[in-house]
Amino acid sequence: RVTMANPQPHERIADLAAGTCGFLVNAYQHILAAHTTPAILERNEDGSPRNLVGDLLTEPERDFLQREAFRGYDNDSGMTMLRIGSMNLMLHGIRSPQYFYMDTLSKEFHQPRAYDLILMNPPFKGKVDKANLSENLPSNTTKSELLFVHLILDALEMGGRAAVIVPDGVLFGSSRAHVELRKKLIEENRLDGVVSMPSGVFKPYAGVSTAVLFFTRGASTERIWFYDMAQDGFSLDDKRQPQDANDIPDILDCWTQRNAPESELARSQKADALRATLEPLKAERLALEAEINRLTFE
């Protein structure tokens, strides 16, 4: 998700329900890897980079990354996540973590248009204090997954980007709050892409089906890039053992090439081939249904 969002060294990056700050750490490492001389950069067996010296960064960029680029928020009871997340940032090179104890859905949070990129995996079943809910958020729902998407849109700068994990209900829910959010995402903003993930990716903690939404604040949606991920390199049971089947490399390649003319041609040809395959099947189905109706009548 961080690779697809492609954070840059000049961007203000936030996680509004940061937990252990994994997204912010990965964003920092992605920027360092992209600005380290290839001859210096090395890869571990799992593909993760090392020797992230960021030697191609300018001094103002280094200073910005240390002081202003990353910001996290969480309201975990007892501030346990605040301590763990701050230490995680420090251990990965952010000397002065900007991590704050705050409920970003509450009236105390006032940061409209403050960020260029937001990376989040918000709580799906979080408790919402409706009496203290921010006035900038809709009052017709208490579902945290819907409220956080509205919050992200409010906190992004115009043209800012987001990658957020949501339960499938956000995409397919039929309530008024679900429909209004989807309408807002598509008509008032640009929904760039959706990656549908299998239900086992968060096991053993949760078995809910989820998707990653990639969107940009402003404009409107003309086309939506969609990928149905079947495997993520691990078994989809509670053990989550490593395995060979992994769609993630293909997802990254397809995302990178999504606007290339040759990719457009390939998609068009594949769609034509699928339509050609389906047409006789549809005709056969209609003929069989007609015969069933005739026999039923007789």
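Conventions we followed
- Residues numbered from 1 in each chain as written.
- Predicted model: local features only at pLDDT ≥ 70, side-chain atom pairs only at ≥ 80, totals over all residues.
- Heavy atoms only, no water.
- Helix = DSSP H or I, 4+ residues; strand = E, 2+ residues; numbered from the N terminus.
- Buried < 20%, exposed > 50% of the residue type's maximum accessible area, 1.4 Å probe, protein only.
- Expected span 1.5 Å × (residues − 1).
- Contact = heavy atoms within 4.5 Å.
- Core = buried A, V, L, I, M, F, W, Y, C linked by side-chain atoms within 4.5 Å.
- Polar contact = N/O pair within 3.5 Å; in protein donor to acceptor, adjacent residues only side chain to side chain.
- Pairing = 2+ DSSP bridges.
- Axes fitted to C-alpha atoms, helices over the stretch in contact; angles between N-to-C directions.
- Salt bridge = Lys/Arg side-chain N within 4 Å of Asp/Glu carboxyl O.

Engineer: Can you help me understand the overall build of the chain in this one?
Structural biologist: A tally of helices and strands in the chain yields nine helices and 12 strands. The C-alpha extent of the chain, read off along each of the three principal axes, is 80 × 55 × 40 Å. Relative to its 298 residues, the chain shows a buried fraction of 41%.

Engineer: Please explain helix α5 (residues 144-155) as it appears in this structure.
Structural biologist: Residues three or four positions apart in an α-helix share a direction because the helix packs 3.6 residues into each turn. Compared with the 16 Å implied by 1.5 Å per residue over 12 residues, the 16 Å span of α5 between its first and last C-alpha is a close match. Among the 12 residues in α5, 11 count as buried, and that is most of the element. Against β6 (115-120), β7 (156-167), α6 (169-172), α7 (176-187) and β9 (210-216) lie the buried residues of α5.

Engineer: Hey, could you run me through the nonpolar core in this one?
Structural biologist: Ranked by size, the top nonpolar core spans 37 residues in total, and within it Ile13, Phe70, Leu119 and Val195 carry the most contacts. Here this core takes seven residues from helix α2 (residues 22-34), the largest share from any one element. In this structure, Leu16, Ile118, Leu133 and Val149 belong to the second largest nonpolar core, which totals 34 residues.

Engineer: It is not clear to me how the side chain of Thr36 should be interpreted in this structure. Could you clarify?
Structural biologist: With respect to the helices, strands and loops of the structure, Thr36 is situated in the loop between α2 and β2 (42-43). For Thr36, the side chain forms a polar contact with the main-chain oxygen of Leu32, separated by 2.6 Å. One polar contact links the side chain of Thr36 to the main-chain amide nitrogen of Val53, over a distance of 3.5 Å. In contact with Thr36, not counting residues within four places along its chain, are Leu41, Asn51, Leu52, Val53, Gly54, Asp55 and Leu56.

Engineer: Could you clarify how one ought to interpret the sheet that holds β7 in this entry?
Structural biologist: Strand pairing in a sheet takes place through backbone hydrogen bonds and is either antiparallel or parallel in direction. If you walk across this open sheet you meet the eight strands as β5-β4-β1-β6-β7-β9-β8-β10, and the pairing is mixed. The strands lining the two open edges of the sheet, one partner per strand, are β5 (99-101) and β10 (225-228). Within the sheet, the average angular offset between the axes of one strand and its neighbour, ignoring direction, is 15 degrees. Bridge count for strand β1 (residues 13-15) against strand β4 (residues 70-74) is three bridges, and the pairing is parallel. Looking at β4, one finds that Ala14 is bridged to Arg71. Contacts between α5 and the sheet are confined to β6, β7 and β9, with β7 contributing the most and set at about 165 degrees to the helix.

Engineer: Where do I start with the pattern of salt bridges in this structure?
Structural biologist: It is possible for side chains of opposite charge to pair when their charged atoms get near one another. What the rule picks out here adds up to 14 salt bridges. A salt bridge links Glu11 to Arg161, with the shortest nitrogen-to-oxygen separation between them at 2.5 Å. With Glu11 in the loop between α1 (2-5) and β1 and Arg161 in strand β7, this pair connects stretches of sequence that are 150 residues apart. Using a relative accessible area of 23% as the deciding quantity, one classes Arg161 as partly exposed.

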